Amino acid sequence: MPVGVKIEKLKRDSDLFFSRYEKMKKMQGTVREDQAIRILNCSPQTFHKWRKRLRVIQFQGIYTPLYLRRDIEKIRIHRQFGTLIKKLRKL
C-alpha cells in the first residue's frame, strides 16, 4: 500500500479550498460572538483558540463583541482544510 500524497485528491481538495477562499474574500458584514460560535458549531474555548491562532480582530459592539463575517469564514476554512494547507505549504 503506497504511502504519501495522492495527487488527484490533493488537486480536488485544493480546487475546493481556493473556490471557498475566493468567496470568503468577497464577504461583508459582521456577526456577534454567539452567532459566530453557532456558525462554526464549536465551543467558546475552541472559537477563542482559533481566533487567537489566526489573529482575528474583535470589535466592540453595543453589548457584545463583533467579528467580520469573512474572518469567521476564514476560521471555518482553516478548520476544514488544515491538513491541506500544511501540505501546500510544504510543496
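Each remark here, short or long, concerns the structure printed above.
The sections below set out a description of the structure shown in this document.

How each quantity is defined
- Residues numbered from 1 in each chain as written.
- Predicted model: local features only at pLDDT ≥ 70, side-chain atom pairs only at ≥ 80, totals over all residues.
- Heavy atoms only, no water.
- Patch = residues over 30% accessible without salt bridge, like charges linked within 9 Å, V, L, I, M, F, W, Y side chains within 5 Å.
- Areas by Shrake-Rupley, 256 points an atom, 1.4 Å probe, with all protein chains shown as cover.
- Salt bridge = Lys/Arg side-chain N within 4 Å of Asp/Glu carboxyl O.
- Lys, Arg positive; Asp, Glu negative; His and termini not counted.
- Charge placed at Lys NZ, Arg CZ, Asp CG, Glu CD.
- Helix = DSSP H or I, 4+ residues; strand = E, 2+ residues; numbered from the N terminus.
- Phe/Tyr/Trp six-rings, centres within 6.5 Å; stacked < 30°, edge-to-face > 60°.
- Buried < 20%, exposed > 50% of the residue type's maximum accessible area, 1.4 Å probe, protein only.
- Contact = heavy atoms within 4.5 Å.
- Arc of directions from axis to C-beta.

**Here's the deal with a positive patch on the surface**
On the surface, Lys49, Arg53, Arg79, Lys86, Lys87 and Lys90 cluster together into a positively charged patch. For the positive patch, the elements supplying multiple residues, two or more each, are helix H3 (44-53) and helix H5 (82-90). Broken down by element, the residue count for the positive patch peaks at three residues, all from H5.

**Points about the packing of aromatic side chains**
Going through the model one piece at a time under the given rule, you end up with four aromatic pairs. Taken together, a centroid distance of 5.6 Å and an interplanar angle of 65° make the contact between Phe17 and Phe81 edge-to-face. Within this pair, whereas Phe17 is found in helix H1 (residues 7-25), its partner Phe81 is found in the loop between helix H4 (69-80) and H5, the two being separated by 64 residues in sequence. In this structure, Phe17 and Phe81 share a single accessibility class: buried. With centroids separated by 5.2 Å and ring planes inclined at 85°, the aromatic side chains of Phe47 and Tyr67 adopt a geometry described as edge-to-face.

**Focus on the side chain of Arg20**
Considering the arrangement of structural elements, one finds Arg20 in helix H1. Given the relative accessible area of 19%, Arg20 is considered buried. Those residues in contact with Arg20 that lie beyond four places of it in its chain are Glu73, Arg76, Ile77, Gln80 and Phe81.

**A short note on helix H2 (residues 33-40)**
Listed as buried for H2 are Glu33, Ala36, Ile37 and Leu40. For H2, the angular spread of buried residues about the axis comes to 100°, placing them on one side. Residues of H2 that are buried make contact with strand S1 (30-32), H3, strand S3 (65-68) and H4. Just downstream of H2, Asn41 is the residue with a positive phi angle, here 55°.

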